[in-house]
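# Chains, contacts and geometry: an overview
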Amino acid sequence: MPEADAGGFPHTANYRGLNTPQRAEYTVDDLAISGTIPADVAGTFFRAVPDPAYPPFLDDAGAILSADGMISAIRFAGGKVSTAIRYVGTARHRAEVAAGRALFGKYRNPFTDRPEAAGIDRTVANTTPVWHAGRLLMTKEDGRPFRIDPATLDTLEPYDFGGALRSQTFTAHVRIDPATGEMFAFGYQAAGLATPTVAYLTIDAAGTLVREQWFEAPNCAMMHDFAITEHYALFPIYPTSADLDRLRAGGDHWVHDQHRDSWLGVMPRHGDVAQIRWFRGPRGVSCYHMMNAFEDAAGLIHFDQCLSDSNAFPFIRQASGIAIAQPDLNGRLARWTIDPKGRDDAIHETVIGPPGDFPVIPADRQGRAYGRAWMLTMNPERRGPPVPGGPVGAMFDVLLRLDMTGGPPHALVLAAGSCFNEPVHVPAAAPGHAGWLVCVVDHQHGPDTFTHECWIIDADDIGAGPVAKVTMPHRLRPQVHGWWVSADQLAKAV
Ligand code: V55
Ligand code: FE
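Cut-offs applied
- Residues numbered from 1 in each chain as written.
- Chains lettered and ligands numbered in written order.
- Predicted model: local features only at pLDDT ≥ 70, side-chain atom pairs only at ≥ 80, totals over all residues.
- Heavy atoms only, no water.
- Pairing = 2+ DSSP bridges.
- Helix = DSSP H or I, 4+ residues; strand = E, 2+ residues; numbered from the N terminus.
- Axes fitted to C-alpha atoms, helices over the stretch in contact; angles between N-to-C directions.
- Buried < 20%, exposed > 50% of the residue type's maximum accessible area, 1.4 Å probe, protein only.
- Salt bridge = Lys/Arg side-chain N within 4 Å of Asp/Glu carboxyl O.

### Some thoughts on the sheet that holds strand E6 (residues 128-132)
- A sheet is described by the order of its strands in space; here 4 strands give the open sequence E6-E7-E8-E9, paired in antiparallel fashion. Among the strands making up the open sheet, the edge pair consists of E6 and strand E9 (155-158). When strand polarity is set aside, the average angle formed by the axes of neighbouring strands in this sheet is 30°.
- The sheet contact formed by strand E7 (residues 135-139) and strand E8 (residues 146-148) spans 3 bridges and is antiparallel. In the strand pairing of E8, Leu136 is matched with Ile148.

Below, the structure is given as structure tokens:
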């Protein structure tokens, strides 16, 4: 293990600078506001902000993904803003608090755990807060969700849809149909560690898990996200895979293979998994997040994704013997077009945007043709190095607004030393208004000195900068994903 600091955390990138553990739970009211908060921005911005409660006992570059889940709320009500953050009360966090030290070893490798960890659910529930049918869930793809009280941020229970869920896992990237309110979801490694079994889940608008079907993927791949259209469910497979023997030997969970194919599994979204057709994509590519997918008038399916030439996580490339440094990793917003009724398994790719990640669309365009979209990227003419932080090691400093109908992109470029966390989209009541983006912006003032603001940005006029800024009261680690829950939705919490 490398040298440790006073808190016992190693002096490595995962625990320094923006990634410095905070280990603090708090509520602070009446945050300082500059500018005017639009009336549309009434509700809560829930955020997943992972923070390791205890120093690791193994030197694991992937450990940043194992930081304990924290659920944060930034609440907007009556012109006032407050914030709170709490650990998710996972079985893992509770066991570590009881022991007063870390018990769990490498990222998604239980064979590296301390003996006291045997039999305890390993998930940290640290990736996405999901709101559906009046319930707030904290999710992570390696386990089942935890239900959170949206008012107190108390962890209520491990959530299995009232005993209905059979899958051992549940994705952090669900898709909610804007017309029906149904939630489409999946779990990979559904039958256990490193199994190629995928559970496909449909949950009705009332939150009942109405159908769970299992299928075998071509291999045990990382399936971080998926997509729906009005009539189809789309399961992407990239060549990053897990292997039980490697885990037993104490190895890394994921290895990426530059020479293997990617695949897109396509089925009617209310159909039977036996109907899945696999379309063959390019070799070696990887994607964490899909922007959207939709069907056109000709019946073709378009699947838009933040694609890169290899796995975007440096520690996965390193474990795979892939010598691509982070600044040299190329990517693109790629549209894969397939014909679900065609004879062959061809995928036609078009580049529709720059490299980047954290794609955002209005919730009412999910699975439908769309116009506006937003994402984070990096300034190709940057004046300084990116702010180090997060699992990729570098934060994004440009917010882009894309026009899928062909108009020019717009950008909001931050000054050197500042970076974006993923925005959420807040719809506007006024017809024709594009709504708002709400996000946390980090400002670096020195190697270990940061301040943070929550910005509200006109979604159609991002270049104008924020219309309001809220000063965050304490140091924050990087967010993973967030979710906007309006005051109306909060009023319907069950
Ligand atoms: C990601 C994040 C994760 C994870 C797997 O952003 C993939 C991608 C925060 O945890 O476990
Ligand atoms: Fe994600």
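### A few points about the pairing of strand E5 (residues 80-87)
- Of all 8 residues that make up E5, 6 are buried, and the element is covered over most of its length.
- In terms of strand pairing, strand E1 (residues 26-28) meets E5 through 3 bridges, oriented antiparallel. Each bridged residue has a counterpart across the sheet, and for Val28 the counterpart in E5 is Thr83.
- As paired strands, strand E4 (residues 70-77) and E5 are joined by 8 bridges and run antiparallel to one another. Within E5, the position partnered with Ile74 by the bridge is Thr83.
- The hairpin turn running from E4 into E5, its antiparallel successor, is 2 residues long, and Gly78 in that turn takes a positive phi close to 60°.

### Observations concerning the pattern of salt bridges
- Overall, the coordinates contain 22 salt bridges when judged by the stated rule.
- Asp113 is the salt-bridge partner of Arg122, the closest N and O atoms lying 2.8 Å from each other.
- Looking at Arg122, the relative accessible area reads 13%, which means it is buried.
- The partner of Asp245 in a salt bridge is Arg248, and the shortest N-O contact between them spans 3.6 Å.

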